[in-house]
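# Architecture and fold: a report
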Amino acid sequence: MTVEANPTSLPNLPPGPLDASAGPPDATNGKVVIRLSQIAKNYQVGTETVHALRGVDLTIYKGEYVAIMGPSGSGKSTMMNVLGCLDTPSSGRFELNGIDVSDMDDNRLADIRNQEIGFVFQTFNLLARSTALHNVELPLIYAGVNAERRREVAIEAMGQVGLADRMLHKPNEMSGGQRQRVAVARALVNHPSIILADEPTGNLDSKTGEEIMGLFEVLYKKGNTLIVVTHEEDVARHARRLIRIRDGLIASDEIITHKTAVSA
Amino acid sequence: MRVAEIKESVFMALAAIAAHKLRSALTLLGVLVGVFSIITVMTAMRALQNVMESQLSQLGANTFQIQKWPGIPVMDPKDWEKYWRRTNLRYPLVARLKERATLARSVGAQTDLREGETVSRYYKTNPDVAMLGVTPEIFQARNWTLAEGRSLMSSDLESFRNVCVLGGSLARKLFPQGSAVGDSVKFNGVRYAVVGVLASKGGLGGDQDNFLAVPLTTGMNRYSWDRSLEILVQAYNQDSFADAVEQVRGILRMVRKVEPGKEDDFEILSNDTLIEQFKKITLAVRVGVTVISSIALLAAGIGIMNIMLVSVTERTREIGVRRAIGAKKRNIMTQFIMEAIAICEVGGVLGVLCGLLGGNLVAHFLNVPIAIPMDWVLIGLVICSLVGVIFGTYPAYKAANLDPIESLRYE
Ligand SMILES: Nc1ncnc2c1ncn2[C@@H]1O[C@H](COP(=O)(O)OP(=O)(O)O)[C@@H](O)[C@H]1O
Ligand SMILES: [Mg+2]
């Protein structure tokens, strides 16, 4: 098993019942969003096989706020790619909302990404030539939402990240923090089951980074399921559950108690 | 494919074109040249065709024309010599034909005598008025109708009278008010009594009326009999038309002593043969333009493929992002093919506009009215889209099959 003999490690258990101070009240309803069982991912590099993930078991419940940490090369990105349905595992079973997605074909995975997953990237990854609003509309275009409804929903998402007055700005007319907010709005717009953020503050100064983490806190309180990959302890501390990965295995999985609650 | 997706693609394509103006302009140029060459030539040819058709309508019903030269200008010098060596069609031949061609209702002759200025007591024209020498039969053979006065008569020819019939628009110029008939005009210093005025043909060009007709004999007395006439033969009806042509052909061959098996040493023009000749000549032009524009479009296509490959590489990240937020392979494929089509269509529309301009400039120099060949405009634009699809497919395929994870990592 992947879990070290660590008294604080709580693998595959909902955090709510064990620690009332962790997670929002509705995290206790016990609805499983992600269930990984024995997920392995191997890469063939020349004649050598790299084992990026070596049999990960993990359960994440609706409404959780999870941080994933680990040294470089430990398998964080690989895990994110699997969780984000950008990649399929070499072996093991991955259930998203109770549906096995491990063997889905490309088109169905695209639909899953579109409907169930919101990505936030370190480098924002906005379309440079499009307005903020259009960037936010993009997932809805692929979802086939009609223009009117699309606009409506995108405007709402822009409002949620506090950029109602920046809709028609292009990314190069915005600060880094604002760009990341647009990216968050884009991740939110389809009401996904999970929001995956890979080093969301990596390209921001610490003050702006705190702002974004504040935004995540708000999203968490609204009941979104958040998974954040980071190598900064300061960032990870905002989460309610911390998973450490080492050599393709989960090294620890603990609840973060917020005695000195994050002052967002 | 959804409308939103196509809109998105077109929007992104135009944004991409706008972002790389010079690069796009160079790429567009190829398509532009290809379409331009098609549209220019087709516009010019359509304009010529319109003119030819209006010339055809100058021949009256069931009428054909015999002349030394072919109906369409001769380009090849060798051919030119062949035609030039032919014996002239002289005046006595008209009488022989009248006598022998039993299937002919009438046989007439005409010739262009001279261009010059025409003067009335009210007005002096530019020196561009054509003087035609005609026999009386020409009036019917060319569908001339009199607005006023009388037509020319056999007696005018027999007595070499200095009389004339004015074309409608010329009459209006020379005699702005009042009647021309009974008055006189001076052409190249010689006075002619006006006996009739033709109804204006109007139609395209307007210059069709800018002539005066005098008795053929009067004209040739003044400007030499050493010329080849155009002989116009009218058949009785449509049914006997072909037989009449054959009969006249036989008589001419006999009179001109053409050996059996040798080709005619004269041309017989009817509406049908004119159209045929026109088609033959334009076929060469069509083939030419097809080859040239194909080469241009092929070059353009390769240019577009190249630019699209660059674009795919430059936008690897964007592709990764789109895939991450739910774009399927075929969405990416559609986007890049649409983009290629959009580039081609921008070039195509510019090419069509330039081509219409160019073709009508040619028409202007050939002194024929302008034309807009809508069918070729459409064909040109469809070809553009095809070029876009054909040469955009490979880059689009590459884009669609990029690994999303790699793409997201791409710097
Ligand atoms: N596409 C790939 N091909 C080969 N090896 C890879 C690939 N992606 C990741 N790896 C390897 O898998 C291991 C885990 O990588 P990764 O998930 O990127 O770790 P992290 O994000 O924690 O730094 C590393 O040893 C890395 O070299
Ligand atoms: Mg990584």
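Residues numbered from 1 in each chain as written. Chains lettered and ligands numbered in written order. Predicted model: local features only at pLDDT ≥ 70, side-chain atom pairs only at ≥ 80, totals over all residues. Heavy atoms only, no water.

### What about the nonpolar core?
- In terms of nonpolar packing, the biggest core is built from 41 residues, with A:Tyr65, A:Val136, A:Met158, A:Val184 and A:Phe216 touching the most fellow members.
- For this core, the secondary-structure elements that each account for two or more residues are β3 (65-69), α4 (132-143), α5 (147-160), α6 (176-188), β7 (194-198), α7 (206-221), β8 (226-229) and α8 (233-236) of chain A.
- Once residues lying within four places of it in the same chain are set aside, the contact partners of A:Val136 are A:Ala154, A:Ala157, A:Met158, A:Val182, A:Ala185, A:Arg186 and A:Val189.
- B:Ala4, B:Val289, B:Leu297 and B:Ile343 belong to the second-largest nonpolar core, a separate cluster that totals 40 residues. (Core = buried A, V, L, I, M, F, W, Y, C linked by side-chain atoms within 4.5 Å. Buried < 20%, exposed > 50% of the residue type's maximum accessible area, 1.4 Å probe, protein only. Helix = DSSP H or I, 4+ residues; strand = E, 2+ residues; numbered from the N terminus. Contact = heavy atoms within 4.5 Å.)

### Concerning the pairing of β8(A)
Residue and element names in this part refer to chain A.
- Residues Leu226 and Val228 line one face of β8 and the alternating positions Ile227 and Val229 line the opposite face, and both faces are buried.
- Sheet analysis places β3 next to β8, joined by four bridges and oriented parallel. Paired with Ile68 across the two strands is Val229, which belongs to β8.
- Of the strand pairs in this sheet, β7 and β8 are connected by four bridges, and their pairing is parallel. Looking across to β8, one finds that Leu196 is bridged to Ile227. (Pairing = 2+ DSSP bridges.)

### What about the site of ligand 1?
- Close contacts around ligand 1 come from 14 residues, with A:Gly73, A:Gly75, A:Lys76, A:Ser77 and A:Thr78 the closest.
- Bordering ligand 1 are residues originating from chains A and B.
- Between an oxygen atom of ligand 1 and a main-chain N or O atom of A:Gly73, the distance comes to 2.6 Å.
- Considering ligand 1 on its own, with 560 Å² of exposed area, one finds that the protein chains cover 70% of that surface.
- Counting residues per element, the shell around ligand 1 draws most heavily on helix α2 (residues 76-83) of chain A, which supplies three residues.
- Taken together, the residues of the shell around ligand 1 break down into five nonpolar, six polar and three charged. (Near = heavy atom within 4 Å. Polar contact = N/O pair within 3.5 Å; in protein donor to acceptor, adjacent residues only side chain to side chain. Areas by Shrake-Rupley, 256 points an atom, 1.4 Å probe, with all protein chains shown as cover. Nonpolar A, V, L, I, M, F, W, Y, C, P; charged D, E, K, R; others polar.)

### With respect to the pattern of salt bridges
- By the definition in use, this model includes 36 salt bridges over all chains.
- Within this structure, B:Glu246, B:Arg249, B:Arg253 and B:Asp264 form a network of salt bridges that share partners. (Salt bridge = Lys/Arg side-chain N within 4 Å of Asp/Glu carboxyl O.)

### Describing a nonpolar patch on the surface
- Together, B:Leu22, B:Leu26, B:Leu29 and B:Val33 line one region of the surface with nonpolar side chains, adding up to about 400 Å² of accessible area.
- Along the chain, B:Leu29 turns up in helix α2 (residues 21-56). (Patch = residues over 30% accessible without salt bridge, like charges linked within 9 Å, V, L, I, M, F, W, Y side chains within 5 Å.)

### Focus: the domain arrangement of chain B
- Taken domain by domain, chain B comprises domain 1 (2-54 + 276-409) and domain 2 (63-269).
- Taking only C-alpha atoms into account, the centre of domain 1 of chain B sits 50 Å from that of domain 2 of chain B. (Domains from an automatic or database assignment.)

### A closer look at the interface of chain B and chain A
- Contact residues are listed per partner, giving 27 residues for chain B and 25 residues for chain A.
- Between chain B and chain A the total buried area reaches about 2,400 Å² when both faces are included, carbon and sulfur atoms providing 59% of it.
- For chain B, the biggest contributors to the area lost against chain A are B:Ile325, B:Lys328 and B:Ile405; these three give 26% of the whole.
- Across the pair A:Asp106 and B:Arg323 runs a salt bridge whose closest N-O atoms are separated by 3.1 Å.
- Counting across the chain B and chain A interface gives seven residue pairs in polar contact (both at pLDDT 80 or more).
- Breaking the side of chain B that touches chain A down by element, the ones donating at least two residues are α1 (3-19), α11 (316-324), α12 (329-365) and α14 (404-409) of chain B.
- Considering only residue class, the side of chain B that touches chain A consists of 13 nonpolar, four polar and ten charged. (Buried area = accessible area lost by both parts, 1.4 Å probe.)

### Here we look at the side chain of A:Asp57
- By secondary structure assignment, the location of A:Asp57 is in strand β2 (residues 48-61).
- Buried charge without a partner: A:Asp57 forms no salt bridge, and the closest opposite charge is A:Arg35, 9.0 Å away. (Lys, Arg positive; Asp, Glu negative; His and termini not counted.)

### A look at the sheet that holds strand β1 (residues 32-45) of chain A
All names here are of chain A.
- Taken in spatial order, the four strands make up an open sheet running β2-β1-β4-β5, and their pairing is antiparallel. Looking along the sheet, the strands with just one partner apiece sit at the ends: β2 and β5 (99-100).
- Inspection of the sheet shows β1 paired to strand β4 (residues 91-96) by five bridges, in the antiparallel sense. In the sheet register, Arg35 faces β4, and the bridge partner there is Glu95.

### A look at the packing of aromatic side chains
Residue and element names in this part refer to chain B.
- Considering all chains together, one arrives at ten aromatic pairs over all chains under this definition.
- Arranged with centres 5.2 Å apart and planes meeting at 90°, the rings of Phe139 and Trp144 form a pair that is edge-to-face. One exposure class covers both Phe139 and Trp144, and it is buried.
- By way of ring pairs, the aromatic residues Trp69, Trp80, Tyr83 and Trp84 are connected into one cluster. (Phe/Tyr/Trp six-rings, centres within 6.5 Å; stacked < 30°, edge-to-face > 60°.)

### Describing the environment of B:Thr63
Residue and element names in this part refer to chain B.
- Here Thr63 lies in strand β1 (residues 63-67).
- Linking Thr63 and Gln140, residues 77 residues apart in sequence, is a C-alpha distance of 9.4 Å.
- Other than its neighbours up to four places away in sequence, Thr63 contacts Ala141, Leu232, Val233, Gln234 and Phe241.

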